[in-house]
Amino acid sequence: MSESAAQTILLSDYTPFGWRIEKVELTFTLSPKATRVTSRLRFVPNPDAPKQVFFLHGEQLSLIRAAIDGQTVSPEITDTGLTCAVPDGPFTWESEVEIAPAENTALEGLYMSNGMYCTQCEAEGFRKITYYPDRPDVMAPFSVRVDSDLPVLLSNGNPAANGAGWAEWHDPWPKPAYLFALVAGDLVAKTGAFTTASGKKVTLNIWVRPGDQDKCDYALDALERSMKWDEDVYGREYDLDVFNIVAVDDFNMGAMENKGLNIFNSKYVLASPETATDDDFARIEAIIAHEYFHNWTGNRITCRDWFQLCLKEGLTVFRDQQFSGDMRSHPVKRIEDVLMLRARQFREDNGPLAHPVRPESYVEINNFYTATVYEKGAEVIGMLKRLVGDDGYARALDLYFQRHDGDAATIEDWLKVFEDATGRDLSQFKRWYAQPGTPRLSFTDNFNNGRYEINFKQENQNRKSFPTKQPQVIPIALGLLNPNGDEVLPTTVLEMTEATQSFAFDGLAARPIPSILRGFSAPVILDHDASADQRAFLLAHDTDPFNRWEAGRALSKDVLVRMVLRGESPDPAYLEGLAEVLRDNALDPAYRALVLRLPSEDDIAQALADQGHVPDPLAIYRAAQTLRHAIAAHLKDRLELLYADLLCPGPYSPEATDAGRRSLRLTALGLLSRLDGGARAAAHYAAADNMTDQQGALTALLAIGAGDAQVAAFYDQWQDDRLVMDKWFMLQAGLTPPDRAVRTVTALTQHPDFDWKNPNRFRSVIGAFSGNAAGFHDPSGAGYDLVADWLMKMDAVNPQTAARMSTAFETWRRYDADRQGQICEALDRIRARPGLSRDMGEMVGRMRNG
């Protein structure tokens, strides 16, 4: 579909559907190429809607028959749905359609994955299953019958009845069609149980392929902890008799919160010490929690239309971040979240794909499952909580659940409960949902006669594209430290509401050093040209763990920028600051590992662009390599001591304490490998008894251009494990040095195990290579051509996956004229492909023209 032919959907055009659905009855007779779906829907007029033509969405369906109140009808059918004359009062609609799940390579609607039937209906996949008003504000209870000779037949809700070759399910809670789910296959369950706070017993099942059931223990444990946490922290109990999770190999996203039947990408369920890393276990814990928390923030209360997607996703991301912090370490979790926000969302906000947290328009809604909606949406929730306080937040959430249970809600509904619960006017705060771009915060300060005054100024990024931004409410968490390191003002939240605003503090004996945006209290960029000495002081003395890390991060960024621009040697003050952090054994090892991690090459490229320079990806790569070597040389003795001391005693455990020790130990190994040529890492690899150590050693070797023998050994050991093999592809695509990156990745795409139609495998190669900045941005343009060729190939079978990975090109305007021309040629070539999907057409158009 061409860009011009694609219809733009506008928030301002929202109109309620003209009918409500009292009940839905579906029958599936499964067959790979000829599944029959019979639907029976009871419609009643919606008194709150204007008069309209009866329209049901439907795509790629073969209509067998249709009837109203038992009388055959002949609706008008188009590529997007059907229209039909209907009675003025209540009526029953019946239809039978035929679909071909085995031919559904887009993985939307009902499709097949290695012989298993499964569904993905968010956002608009249900219309590929049967004719229906496929919109989130149409909610109804579902009863489903599945006919098949497969042994396990699942759908939403509670089991109602079953027999040989059939099963019936009933979900009593009204839901929109995007939460519908069906799974049928040869599966086995890892079963557990949970008793809710009110005494209700819930059966928990994690369904996997035979042979994978020994990799479900951690996912089941995470589910039980999530259920308990949601009761304790938010007062939310589970509301069905059974909670099912199914692991699926072919899946476009991470997981899906379908009511009572969550469907997961198998990589976020299956884990054992031998096959999964500490990071894998942490992601499984977080994603299990996220999807479970959706039961209330997404399912019981859903969104009125897809423009309100941030309501369910931002809130649920915020909740899973709280949970992970409680389970592990709040400072470490906060740093990790901000790293992701800056890497993905700040980049998005600063380029042609920028959009508000609540967009005003879209062509393809799948393109708005973005870091802005999810991660920035969560930051907005966090700011709101910080402004109203813990008690105000708790009152507002209780009122939200009480007032809107069973509703399809809006951002206006969400903010109104906060206004009603706390008495605050949030009209200005609402700008966070409406204005795109990342605000930039700067300040000046002065000290006189014991009075310290700090003057803030806020401006918005991306003014060229969005010039009419107004000042936003920015909560600035501030602390003040004396020159001796003592804290003279504990963390205080300042509420900035104007374009420029001043705050004063009296009674101070000496000019303080400010610690600004503690805990990263707002998703803004702090522009402050602090001296290296001041940053080193905060790295040594700040009592806020985030800002202590931030000081070290800013130092490393300053050092790298100077190395790239002026060829300077690494700053000794920075190296000694790192040494001080490493010597502080009171600090969490995971935290110290994060302090040692350098900013990404993309982060440095943006920092250079912000200063008006054209970044050279190869120069950035070389500077980072040089700095890592300098860090290793300066800290050699301490790193060797840490490597020896941090060996975890006893059997492997994925819990936070041991994971933190391994993280710092492997960080030390990676740095030491730059001094010993990888000898220690090779020995570490040979002795590894868990995937964290095995992958960590292989990473250390690949990062210095070594490890060929270990790459071959890894393949021989794990070639039959699909998820571990994703790691094998990913490490090579992401870590191969730039002089041979394109050649290596081209060879990987020709490997017989490169099953490119599987989204996980495709991402492990093309996605990882896109993040290999110096390799992807090879001056020949070969990296761009390679990615463009594969995006076009994937777009023809799975537009959603292809479109989401096209963001590799979104920062093209920051580079030199030659690279800009090469990227534009690649984008134009994609845009000219016959049959280009609506998903890809919108993304390429926005990037090319933005």
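You'll find the structure just up there.
One structure accompanies this document, and this report is about it. Bear in mind the structure is a predicted one, so any value in this text is a computation, not a measurement.

In this structure the tally under the stated criterion is 1 cavity of 30 Å³ or more. Estimates place the volume of the largest cavity at around 30 Å³. What lines the largest cavity is E601, D602, A605, P617, I620, A773 and Y815. Secondary-structure elements contributing two or more residues to the lining of the largest cavity are α12 (601-610) and α13 (617-634). At 3 residues, the largest contribution of residues to the lining of the largest cavity is made by α12. Classifying every residue of the lining of the largest cavity by side-chain character gives 5 nonpolar, no polar and 2 charged.

According to the stated counting rule, one finds 0 disulfides in the structure shown. Not engaged in a disulfide, the cysteine C310 finds its nearest cysteine sulfur in C303; these two sulfurs lie 8.9 Å apart. For C310, a relative accessible area of 3% corresponds to the buried category.

Looking at the element boundaries, T196 is found in the loop between β17 (188-195) and β18 (201-208). Overall, T196 belongs to the buried group, its relative accessible area being 4%. Excluding its chain neighbours within four sequence positions, the residues that come into contact with T196 are V202, E231, E237 and Y238.

Now for the packing of helix α9 (residues 545-566) against α12. Here α9 crosses α12 at 70°, and the two axes come no closer than 10 Å. Between α9 and α12, the interaxial angle falls into the category roughly perpendicular. Only D603, I604, A607 and L608 of α12 make contact with α9, whose side of the interface consists of R553, K557, L560, V561, V564 and L565. Grouping the constituent residues of the contact of α9 with α12 by class yields 7 nonpolar, no polar and 3 charged.

Another aspect to go through is the pattern of salt bridges. A complete count under the given rule lists 76 salt bridges for this structure. Residue R40 is joined to E25 by a salt bridge in which the shortest nitrogen-to-oxygen separation is 3.7 Å. With a gap of 15 residues between them, R40 in strand β3 (residues 35-45) and E25 in strand β2 (residues 19-29) connect regions that are remote in the sequence. One salt bridge in this structure joins D241 and K200, with 2.7 Å as the shortest N-O distance. Taken as a pair, D241 in the loop between α1 (217-234) and β19 (242-248) and K200 in the loop between β17 and β18 lie far apart in primary sequence, 41 residues in all.

So, about helix α23 (residues 782-795). The end-to-end C-alpha separation of α23 is 20 Å, in line with the 20 Å expected for 14 residues at 1.5 Å each. For α23, the tally of buried residues reaches 10 of 14 residues, placing the bulk of the element in the interior. Looking at α23, one finds that the buried residues are G783, Y784, L786, V787, A788, W790, L791, M792, M794 and D795. Close packing links the buried residues of α23 with α20 (741-749), α21 (759-770), α22 (773-776), α24 (799-805), α25 (817-831) and α26 (838-849).

How each quantity is defined
Residues numbered from 1 in each chain as written. Predicted model: local features only at pLDDT ≥ 70, side-chain atom pairs only at ≥ 80, totals over all residues. Heavy atoms only, no water. 1 Å grid on protein atoms, 1.4 Å probe; cavity = no way out; pocket = protein on both sides within 12 Å on 5 of 7 lines; lining within 4 Å. Points joined across faces, edges and corners; volume = space filled by probe spheres on them. Helix = DSSP H or I, 4+ residues; strand = E, 2+ residues; numbered from the N terminus. Nonpolar A, V, L, I, M, F, W, Y, C, P; charged D, E, K, R; others polar. Disulfide = S-S within 2.5 Å. Buried < 20%, exposed > 50% of the residue type's maximum accessible area, 1.4 Å probe, protein only. Contact = heavy atoms within 4.5 Å. Axes fitted to C-alpha atoms, helices over the stretch in contact; angles between N-to-C directions. Parallel < 35°, antiparallel > 145°, perpendicular 65-115°, else oblique. Salt bridge = Lys/Arg side-chain N within 4 Å of Asp/Glu carboxyl O. Expected span 1.5 Å × (residues − 1).

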